[in-house]
Amino acid sequence: MKLSKTISAVVAVFCAVTLYSQDATIRIHDEGTGNTIPKEIYGQFSEHLGRCIYGGLWVGKDSEVPNIEGYRKDVFDALKALKVPVMRWPGGCFADDYHWMDGIGPQEQRAYISNNNWGGTLEDNSFGTHEFLNLCEMLGIEPYISGNVGSGSVEEMSDWVEYMTSDAKSSMADLRRANGREEPWKVKYFGIGNEAWGCGGNMTPEYYSDLFRRYGTYLRNYGDNRLYKVASGASDYDYNWTKVLMQNLTRKGMNGISLHYYTVIDWSRKGAATSFSDKEYYNILSKAIEVEDVLRRHIEVMDQYDPQGRVDLLLDEWGTWFEVEPGTNPGHLYQQSTMRDAMVAALSFDIFHKYTRRLKMANIAQVVNVLQSMILTDETRMVLTPTYHVFEMYNVHQDAEYLASDCISAKTKCDRKIAVPEVDVTASRKDGVVNISLVNTSLKDSRKVLVSFDSVKAFTKVASARVLTSADVHDFNDFDHPESVKPAEFKDYKFTKAGLEVTLPPCSIVCISGK
Ligand code: AHR
């Protein structure tokens, strides 16, 4: 007791002394945690919504937009560079209106429907199962299929799995072969419904639990394909939904339970994506980091019913959600992405990494042209958003060993209960290389940060360092200025006796790798 008090006092004095000359101190525990950051934390979500699929991922083979077998070449290449580990499809709310048979066979014979969730736009089903799974295969992405419980049937869902994954002689597998795909695809992640408490059927958790068991029974493993079944989980603060599903479905075929958390403060006044006050900036960051409390509380419930950790938590929808860009279809949820969104992404990752004991996947909404997208397109033009750059800079953490750290920094108060840390960090190690990502949320001030390690020789040489920042937090990339916000080489660091001293520019994200 006495010893631990003495150690705490020494640490406090050390921090006080170092903080005197620094704005923040970070101590990285390089002995390691043994915890890996699953690459699936960097997952994407593609939905038949607005121009996510049509015009975003897919233009068709006859398009004047340069394409690879119908996929936009520029978007294809950008996704390849991003190392996308997993992609969810076809929704979202769209999934519970989707009948997969509409989207197979000769394109000109496919059914066309009105996309009733998203603006009543014509959906010609030219992008269907083959187009999605082939795209995943070409890019090395693990597909995550979201099945229709709300308006579909057990038979329809069961047939879909057989169509995609069976190599047997059966009418479903033969239909796939007749449609040009001889070998079955590998499909691991399969979601049984989406937002069953809302657009996926307005159910109670008790009723949905029974449906999950019924639908799940008929989703079979063909050959060596092994399905990982995901239950449609809670939104935000609905801990009771998680509790009922954990009570009813643990050891009943549920491998994962989903969670949706959007960075929205007021659903009736979501605010503009590109114009906001300083106060609104901090409020949004505060709402984003509140996800930590939400994750912790859902995990507490899961721990209660599943102490062995058989069931994973999947945050399969997250991100900022603002008003649509002026002049665009309100049903298409098209928004710009500024440096503020980049901050939300970086701070969110720092939190997700901490909870990967239970949190095994996260899918930002959505990959192209909707909400907090990686990529925006306009006819033949494309831009990468600041959020894309965060995903690209942070992909060094994919499948790396998480290194716990202590970060002491001031916090900025805002209108919400949770104050925003000025400085934040993630450290990880892969193949002997240590990767440190740092965030300075301060809008006006640079922040001098001392990064030290438990073992003196853990990090003595920087191999690469990049920064993402911009003169103004409102900056974004548009089609006339596609490179306003992009990563640059970073040099503002030096080794001192106490560790690595880094000066972070205002509103910046820095990634440093070395040994
Ligand atoms: O991402 C947009 C929508 O938000 C999704 O379709 C739905 O699941 C959620 O409510």
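Above this note sits the structure.
As the structure is a prediction and not an experimental result, all values here were calculated from the model.

Each value, and the rule that gives it
- Residues numbered from 1 in each chain as written.
- Predicted model: local features only at pLDDT ≥ 70, side-chain atom pairs only at ≥ 80, totals over all residues.
- Heavy atoms only, no water.
- Helix = DSSP H or I, 4+ residues; strand = E, 2+ residues; numbered from the N terminus.
- Rg over C-alpha atoms; globule rule 2.2 N^0.38 Å.
- Buried < 20%, exposed > 50% of the residue type's maximum accessible area, 1.4 Å probe, protein only.
- Areas by Shrake-Rupley, 256 points an atom, 1.4 Å probe, with all protein chains shown as cover.
- Lys, Arg positive; Asp, Glu negative; His and termini not counted.
- Charge placed at Lys NZ, Arg CZ, Asp CG, Glu CD.
- Near = heavy atom within 4 Å.
- Nonpolar A, V, L, I, M, F, W, Y, C, P; charged D, E, K, R; others polar.
- Pairing = 2+ DSSP bridges.
- Contact = heavy atoms within 4.5 Å.
- Axes fitted to C-alpha atoms, helices over the stretch in contact; angles between N-to-C directions.
- Core = buried A, V, L, I, M, F, W, Y, C linked by side-chain atoms within 4.5 Å.
- Domains from an automatic or database assignment.
- Expected span 1.5 Å × (residues − 1).

Asks: Is there a simple way to explain the overall build of the protein in this structure?
Replies: When helices and strands are counted, the protein shows eleven helices and 27 strands. Since a compact globule built from 515 residues should have a radius of gyration of about 24 Å, the 23 Å found for the protein is in line with a globular shape. Seen along its three principal axes, the alpha-carbon backbone of the protein occupies a region of about 70 × 55 × 45 Å. Buried residues in the protein amount to 58% of all 515 residues. On the protein, roughly 20900 Å² of surface is accessible, and the fraction owed to carbon and sulfur atoms is 50%. Taking the 56 positively charged and 69 negatively charged side chains of the protein as two groups, their mean positions are separated by 8 Å.

Asks: Could you clarify how one ought to interpret the site of the ligand in this entry?
Replies: Taken together, 13 residues form the shell around the ligand, and within it E47, E195, Y262, E317 and Q366 come nearest. Relative to its unbound accessible surface of 280 Å², the ligand loses 93% to contact with the protein. Across the shell around the ligand, the residue classes break down as six nonpolar, four polar and three charged.

Asks: Would you explain the sheet that holds strand β16 (residues 401-403) in this entry?
Replies: Pairing between sheet strands relies on hydrogen bonds along the backbone, with the strands arranged either parallel or antiparallel. Spatially, the six strands line up as an open sheet ordered β16-β20-β21-β27-β23-β24, and their pairing is antiparallel. The open sheet has two free edges, formed respectively by β16 and β24 (488-489), since each of these has just one partner strand. Sheet topology note: the strand β20 (residues 423-430)/strand β21 (residues 433-440) ladder contains eight bridges and is antiparallel. Among the inter-strand pairings, R429 is bridged to a residue of β21, identified as V434. Helix α11 (residues 386-394) contacts β21, β23 (462-469) and β27 (508-514) of the sheet and is inclined by roughly 165° relative to β23.

Asks: How do you make sense of the nonpolar core when you look at a structure like this?
Replies: Nonpolar side chains tend to gather and get buried jointly when the protein is soluble and globular. Within the largest apolar cluster, 124 residues are counted, with the highest numbers of intra-cluster contacts made by F190, F352 and Y394. Per-element accounting of this core gives the leading share, ten residues, to helix α10 (residues 339-354). Looking at this core, you find at least three residues from each of domain 1 (18-33 + 404-514) and domain 2 (39-399). Beyond its immediate sequence surroundings of up to four residues, Y394 is in contact with Y42, A346, F349, D350, H353, S437, V439, I509 and C511.

Asks: What's the story with unusual backbone geometry in this structure? I'm lost.
Replies: A cis amide bond links W89 with the next residue in sequence, P90, at an omega value of 5°. By secondary structure assignment, the location of P90 is in the loop between β5 (86-89) and β6 (113-115). Across the junction of A365 and Q366, the peptide omega takes the value -15°, indicating a cis bond. Looking at where Q366 falls in the secondary structure, it is placed in the loop between β13 (359-365) and β14 (375-378). With a phi close to 55°, K83 is a non-glycine residue in the positive phi region. Mapped onto the elements, K83 comes out in the loop between α2 (73-82) and β5. Of the residues examined, K83 reaches a relative accessible area of 51% and is grouped as exposed.

Asks: In this structure, what is going on with helix α4 (residues 154-165)? I would like to understand it.
Replies: Spacing of three or four residues puts side chains on the same side of an α-helix, whose turn is 3.6 residues. Here α4 spans 17 Å end to end across twelve residues, near enough to the 16 Å set by a 1.5 Å rise per residue. Among the twelve residues in α4, eleven count as buried, and that is most of the element. Of the positions making up α4, those classed as buried are V154, E156, M157, S158, D159, W160, V161, E162, Y163, M164 and T165. Where the residues of α4 are buried, they touch β5, α3 (129-139), β8 (142-147), α5 (171-178), β9 (189-192) and α6 (205-217).

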